[in-house]
Amino acid sequence: MTTLSDQSVAVISAGASGIGLAIARALHDLGYALFVLDVDATRVGLFCETFGSATATVCDVSDPAQVAAAFEIFRAQHQRVDLLVNNAGIAGPQGAVEDLDVTEWQHTIDTDLNSLFYMTRHVIPIMKSQRTGAIINMSSNAGLAGCPHRSPYVASKWASIGLAKTWAMELGPWNIRVNALCPGSVSGPRIDGVIDRDARARGLDPDDIRRVYQRQSSLRQFTDPEDIAAMVCFLAGPGGAKISGQAIAIDGHTESLTNWQDP
Ligand code: NAD
């Protein structure tokens, strides 16, 4: 589909479910044209059924060749890009660092860190020619603190903030803003899986682990995907016009991820 030249265009990685889907839905409601890259063909199909006017393409964003092919499709459809949300990220292996598998480590870094580079390098020339644009790296509150048993995830999420701050400096002269978002535990199947794996690794009851996760937040609750989507819309809109180079926590306030002694 060729978009109207005045319609804002958003690119979202991993936008076919979870937080990315909530972001896509919110931007769609604001009138954005959407271009989603997601590795899951079934979810991509469902996305296309739901958002008839949007494009979703099957793409593993940890593979630079697949990302390049997806952006060929993008450039054939769109002349501009107003917003890139580097949302893709997997939880990665959980366990003591000395027990982690090297292949799983590399896959997590490829998906959660390297994909940001593979994606962003395709939108920058377009945004520079427009002299405007916004980029959001989906970090985590595990990018603001240490988080035991999550080493490759934590390394990627700290790095995504470093990239946001660095790219904000590189791209600011073109009026391109770059920020990182740091959700806490977000309600949904993904955090349920993290809790289950953690409970198994520690030999504890999942409900006890869930209470520990919830107590990490001053508000004593998980964040909802819609909370993240609302912040994306704010940053992409006029309210975010002067905000760049920031790591913004959306986590009900979390000071520490280390209170494991008292589940
Ligand atoms: P999720 O596990 O629900 O997955 C969302 C989508 O990612 C799925 O549709 C999946 O197919 C897609 N995906 C996975 N690997 C991909 C790849 N290599 N290429 C393209 N698509 C891929 O994820 P989520 O919970 O919605 O998390 C989204 C982002 O938010 C991630 O970066 C995650 O680290 C971050 N985050 C999540 C939480 C949380 O509690 N869920 C907390 C903090 C940060």
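Draft legend 1. Spotlight on the sheet that holds strand 1 (residues 9-13). Read from one edge to the other, the open sheet built from seven strands follows the order 3-2-1-4-5-6-7, with strand pairing classed as parallel. Looking at strand neighbours, the two that pair on one side only are strand 3 (55-58) and strand 7 (247-250), the edges of this open sheet. In this sheet, adjacent strand axes meet at a mean angle of 15 degrees when their direction is disregarded. As paired elements, strand 1 and strand 2 (residues 33-38) share five bridges and run parallel to each other.

Draft legend 2. Inspection of the pairing of strand 6 (residues 176-183) at higher detail. For strand 6, a buried count of eight out of eight residues is recorded, marking the element as mostly surrounded by other parts of the structure. Across the two faces of strand 6 the burial is the same, with Ile176, Val178, Ala180 and Cys182 and Arg177, Asn179, Leu181 and Pro183 all buried. The sheet contact formed by strand 5 (residues 133-138) and strand 6 spans six bridges and is parallel. Across the sheet, Met138 pairs through a bridge with Leu181, a residue of strand 6. Once the chain exits strand 5 it traverses helix 5 (residues 151-171) before rejoining the sheet at strand 6, and the crossover so formed is right-handed.

Draft legend 3. Inspection of the packing of aromatic side chains at higher detail. Evaluated as defined, the whole model comprises four aromatic pairs. With a centroid separation of 5.1 Å and an interplanar angle of 80 degrees, the aromatic rings of Phe35 and Phe74 are classed as edge-to-face. Separated by 39 residues along the polypeptide, Phe35 in strand 2 and Phe74 in helix 3 (residues 64-77) bring together distant segments of the chain. For Phe74, a relative accessible area of 0% corresponds to the buried category. In textbook terms, an aromatic cluster arises when at least three aromatic residues are bridged by ring pairs, as seen for Phe35, Phe71 and Phe74.

Draft legend 4. How the structure looks around helix 1 (residues 18-29). A rise of 1.5 Å per residue sets the reference length of helix 1, with its twelve residues, at 16 Å; its end C-alpha atoms lie 17 Å apart and thus fit the reference within 8%. Tucked inside the fold, the buried residues of helix 1 contact strand 1, strand 2, helix 2 (41-50), strand 4 (83-86), strand 5 and helix 8 (225-236).

Draft legend 5. Up close: the pattern of salt bridges. This model, assessed by the stated rule, comprises five salt bridges. We note a salt bridge from Asp208 to Arg211, for which the minimum N-O separation is 2.6 Å. Taken together, the residues span about one helical turn, with Asp208 and Arg211 both in helix 7 (residues 206-215) at a distance of three residues. In this structure Asp208 comes out as partly exposed when scored by relative accessible area, which is 24%.

Draft legend 6. Highlighting the side chain of Lys157. By the secondary structure assignment, Lys157 is in helix 5. One buried charge, Lys157, has no salt-bridge partner; the nearest side chain with opposite charge is Asp112, at 4.7 Å. For Lys157, the side chain forms a polar contact with the main-chain oxygen of Met138, separated by 2.9 Å. In contact with Lys157, not counting residues within four places along its chain, are Gly89, Asp112, Met138, Ser139, Ser140, Ala142 and Gly143.

Draft legend 7. Region of the structure containing unusual backbone geometry. Even without a glycine there, the phi angle at Ala14 is positive, about 55 degrees. Secondary-structure assignment places Ala14 in the loop between strand 1 and helix 1. Under the relative-accessibility criterion, Ala14 is labelled partly exposed at 22%. Non-glycine residue His149 carries a positive phi angle of around 75 degrees. Note on placement: His149 falls in the loop between strand 5 and helix 5. For His149, a relative accessible area of 29% translates into the label partly exposed.

Draft legend 8. Structural detail: the nonpolar core. Membership of the largest hydrophobic core comes to 32 residues, with the highest contact counts inside it found for Ile12, Ile23, Leu27, Leu34, Phe47, Leu83 and Leu181. Looking at this core, the elements with two or more residues in it are strand 1, helix 1, strand 2, helix 2, strand 4, strand 5, helix 8 and strand 7. Apart from residues no more than four positions distant in its own chain, Leu34 is found in contact with Ala10, Ile12, Ala24, Leu27, His28, Phe47, Phe51, Ala54 and Thr55.

Draft legend 9. Quick peek at the domain arrangement of the chain. Along its sequence, the chain is carved into domain 1 (9-185 + 224-250) and domain 2 (187-222). Relative placement of domain 1 and domain 2: their C-alpha centres are 24 Å apart. Domain 1 puts eleven residues into the contact, and the matching count from domain 2 is nine residues. Summed over both partners, the interface of domain 1 with domain 2 buries about 880 Å², with 38% contributed by carbon and sulfur atoms. A per-residue breakdown of the area domain 1 buries against domain 2 is headed by Gln94, Ser185 and Asp224, which together make up 58% of the total.

What counts as what
Residues numbered from 1 in each chain as written. Predicted model: local features only at pLDDT ≥ 70, side-chain atom pairs only at ≥ 80, totals over all residues. Heavy atoms only, no water. Pairing = 2+ DSSP bridges. Helix = DSSP H or I, 4+ residues; strand = E, 2+ residues; numbered from the N terminus. Axes fitted to C-alpha atoms, helices over the stretch in contact; angles between N-to-C directions. Buried < 20%, exposed > 50% of the residue type's maximum accessible area, 1.4 Å probe, protein only. Right-handed = clockwise from strand over helix to strand, strands pointing away. Phe/Tyr/Trp six-rings, centres within 6.5 Å; stacked < 30°, edge-to-face > 60°. Expected span 1.5 Å × (residues − 1). Contact = heavy atoms within 4.5 Å. Salt bridge = Lys/Arg side-chain N within 4 Å of Asp/Glu carboxyl O. Lys, Arg positive; Asp, Glu negative; His and termini not counted. Polar contact = N/O pair within 3.5 Å; in protein donor to acceptor, adjacent residues only side chain to side chain. Core = buried A, V, L, I, M, F, W, Y, C linked by side-chain atoms within 4.5 Å. Domains from an automatic or database assignment. Buried area = accessible area lost by both parts, 1.4 Å probe.

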